[in-house]
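As a plain string of letters, each chain reads:
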Amino acid sequence: MAVLSHPGVEPGLVLAHATGFCKECWDPVTARPALEGRAWVAFDQRAHGDSDAPRLPFDWWDTARDVLAVVDRTGWNRCVGVGHSSGGAALAMAEILRPGTFSALVLVEPIVLPGPVGRRDDNPLAAGAERRRSLFPSLEAARASFRGRGPFALWSEAALSAYVRGGLRRDGDVWTLKCAPEHEAEHYRVAWATGAWGRLGEVRCPVVVTGGELSASHPRTFLEELTSRFTRARLHMIPGATHFAPMEDPEAVAALVGEVLAGLGPAPR
């Protein structure tokens, strides 16, 4: 697994990105004043960024075990998980597997879904991922292709630059997506197969579920139901944002994380 780390004050942050993206997508969030001096690690999920790609099929519970491996390497006494989309699901599932791992969780539209439980091979997200363009003649061509389109429509320039920098690699004369379309599609196919929806009550640490006011995938009514599944959770909406709030409004996400950290107080000596 590929990990970026930054030393600083505990509790540290464990940052988990969304399907199809990369650890660098958190750079605009961690750079905000609200998180100045904070310890953090950001990692590439399996088959993303610079992390290895295991054989198919994937199992999202393995991504939760990856989270635990990252936490174990930090050596921190306390940490807060901050996860977006599938990354949020991975953090919640890691806390289910090993209660007490996190002092708190901030989950940005986590992909934890009600049944029926099982693979969904014919879902439109997987089909769209398989059709995704993966080769570009240059990084600037990739940036131009993404800018203002689809999920990137409201992204900040800093977030777009971070994704282009971390999400593509040079392959001869072209640049290719590090997260291959078939791997992204597989992540979508198994999103309903975890059964984690029925286990969210096992998460005992404080949770803030947050979502974009304009989200198409996580409307407020669904987020309210999701929040109610946790034992100690509250909902926070981000005005003007879609499902991609960390890239669209990194300042708002950083401020929310800073608020959660302030509520925990300093780490005991």
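That block above? That's the structure.
Computed from a predicted model, the values in this text were never measured in an experiment.

Quick notes on the rules
- Residue positions within a chain follow its written sequence, with the count starting from 1.
- Owing to the predicted nature of the model, reporting of local features is limited to residues with pLDDT of at least 70; listing and counting of side-chain atom pairs is limited to 80 or more, with chain, interface and lining totals taken over all residues.
- Calculation of side-chain values draws on the structure's entire complement of heavy atoms; hydrogens and water are dropped beforehand.
- The way it works is that DSSP assigns letters per residue, a run of H or I at least four long becomes a helix, a run of E at least two long becomes a strand, and they are numbered from the N terminus.
- It is over C-alpha atoms that the radius of gyration is taken, and the globule rule equals 2.2 Å times the number of residues to the power 0.38.
- Note on exposure labels: buried denotes an accessible area under 20% of the residue type's maximum, exposed denotes more than 50%, and partly exposed covers the range between, all computed with a 1.4 Å probe on protein chains only.
- Whether two residues are in contact is decided by their heavy atoms, any of which lying within 4.5 Å being enough.
- Calculation of accessible area relied on Shrake-Rupley with a 1.4 Å probe; when residues are assessed, cover is drawn exclusively from the protein chains displayed.
- At least two DSSP bridges between two strands are required for those strands to pair.
- Axis lines are fitted to C-alpha atoms, over the contacting stretch for helices. Their N-to-C directions set the angle, which ranges from 0 to 180 degrees.
- Any carboxyl oxygen of Asp or Glu that lies within 4 Å of a side-chain nitrogen of Lys or Arg is treated as forming a salt bridge with it.
- Reported orientations rely on four angle classes, namely roughly parallel under 35 degrees, roughly antiparallel over 145, roughly perpendicular from 65 to 115, and oblique for the rest.
- The residue classification treats Ala, Val, Leu, Ile, Met, Phe, Trp, Tyr, Cys and Pro as nonpolar and Asp, Glu, Lys and Arg as charged. All others, Gly included, are polar.
- Each aromatic pair joins two rings of Phe, Tyr and Trp (for Trp, the six-membered one) with centres within 6.5 Å, and gets the label stacked for planes under 30 degrees apart, edge-to-face for over 60, and tilted for any other angle.
- To define a nonpolar core, start from buried Ala, Val, Leu, Ile, Met, Phe, Trp, Tyr and Cys residues and group those joined through side-chain atoms within 4.5 Å.
- What the arc covers is the set of directions going from the helix axis to the C-beta atoms.

Draft legend 1. Here's a closer look at the overall build of the protein. Across its full length, the protein carries 10 helices and 10 strands. By the compact-globule yardstick of 18 Å for 269 residues, the protein fits well, its C-alpha radius of gyration being 17 Å. Overall, the C-alpha framework of the protein stretches about 50 × 40 × 35 Å when taken along its three principal axes. Within the span of the protein, comprising 269 residues, buried residues form 57% of the whole. Partitioning the intrachain contacts of the protein with sequence separation of at least 6 by distance along the chain shows that 78% fall at a separation of at least 24. Carbon and sulfur atoms make up 51% of the accessible area of the protein, which amounts to about 11600 Å² in all.

Draft legend 2. Spotlight on the side chain of lysine 178. One can find lysine 178 in the loop between strand S8 (174–177) and helix H7 (181–189). According to the relative accessible area criterion, lysine 178 is buried, its value standing at 14%. In contact with lysine 178, not counting residues within four places along its chain, are Ala47, Gly49, Asp50, Gly166, Gly167, Leu168 and Arg169.

Draft legend 3. Expanded view of the sheet that holds strand S7 (residues 168–171). Strand order in the open sheet formed by three strands is S6-S8-S7, and the pairing between neighbours is antiparallel. Looking at the sheet topology across the chains shown, the edges are occupied by strand S6 (135–136) and S7. In the packing of helix H6 (residues 157–167) onto the sheet, contacts are made with S7 and S8, and the angle to S7 comes to roughly 40°.

Draft legend 4. Representation of the sheet that holds strand S3 (residues 38–43) within the structure. Strand order across the open sheet formed by seven strands is S1-S3-S2-S4-S5-S9-S10, with mixed pairing between neighbours. Edge positions in the open sheet fall to strand S1 (3–6) and strand S10 (233–238), since each of these has one partner strand only. Going from strand to strand, the sheet's axes swing by 15° on average, the running direction of each strand aside. The pairing of strand S9 (residues 207–212) with S10 spans six bridges and is classified as parallel. Counted as the bridge partner of glycine 212 is isoleucine 238 from S10. Contacting S1, strand S2 (9–16), S3 and strand S4 (79–84), helix H2 (residues 60–74) crosses the sheet at an angle of about 145° to S3.

Draft legend 5. Layout of the pattern of salt bridges. Applying the stated rule across the entire model yields 21 salt bridges. One salt bridge in this structure joins aspartate 44 and lysine 23, with 2.6 Å as the shortest N-O distance. In this pair, aspartate 44 is assigned in the loop between S3 and H2 and lysine 23 in the loop between S2 and helix H1 (27–30), connecting sequence segments 21 residues apart. Each of the two residues, aspartate 44 as well as lysine 23, counts as buried. Taken together, the shared-partner salt bridges connect Lys23, Glu24, Asp44, Asp50 and Lys178 into one network.

Draft legend 6. Spotlight on the packing of H2 against helix H3 (residues 86–97). Where H2 meets H3, the axes come as close as 8 Å, and the angle between the chain directions of the two elements is 75°. Judged by the inter-axis angle, H2 sits roughly perpendicular to H3. The segment H2 lies against H3, with Trp60, Trp61, Thr63, Ala64, Arg65, Val67 and Leu68 engaging Ser86, Ala89, Ala90, Leu91, Met93, Ala94, Ile96 and Leu97. Taken together, the residues of the contact of H2 with H3 break down into 12 nonpolar, two polar and one charged.

Draft legend 7. A look at the packing of aromatic side chains. Evaluated as defined, the whole model comprises 12 aromatic pairs. Chaining the aromatic ring pairs together yields one cluster made of Phe21, Phe136, Phe146, Phe152, Trp155, Tyr163 and Phe244.

Draft legend 8. Broad picture of the environment of valine 70. Positionally, valine 70 belongs in helix H2. Given the relative accessible area of 6%, valine 70 is considered buried. Excluding residues that lie within four positions of it along the chain, valine 70 makes contacts with Met1, Val3, Val14, Val41 and Phe43.

Draft legend 9. Focus on the nonpolar core. Of all hydrophobic cores here, the largest spans 44 residues; its most connected members are Val14, Phe102 and Leu226. Those elements giving two or more residues to this core turn out to be S2, S3, H2, H3, strand S5 (104–108), S9 and helix H8 (220–229). Ignoring anything within four residues of it in the chain, the contact list for phenylalanine 102 reads Val14, Val67, Val71, Cys79, Val80, Gly81, Leu91, Ala94, Glu95 and Cys205. By size, the runner-up hydrophobic cluster in this structure holds 22 residues, among which are Leu15, Trp40, Ile238 and Ala245.

Draft legend 10. How the structure looks around H8. The set of residues buried in H8 consists of Phe222, Leu223, Leu226 and Thr227. An end-on view of H8 places all buried positions within 135° of arc, on one side of the element. Counted as exposed and oriented over 90 degrees from the buried face of H8: Thr221 and Ser228. Where the residues of H8 are buried, they touch S9 and S10.

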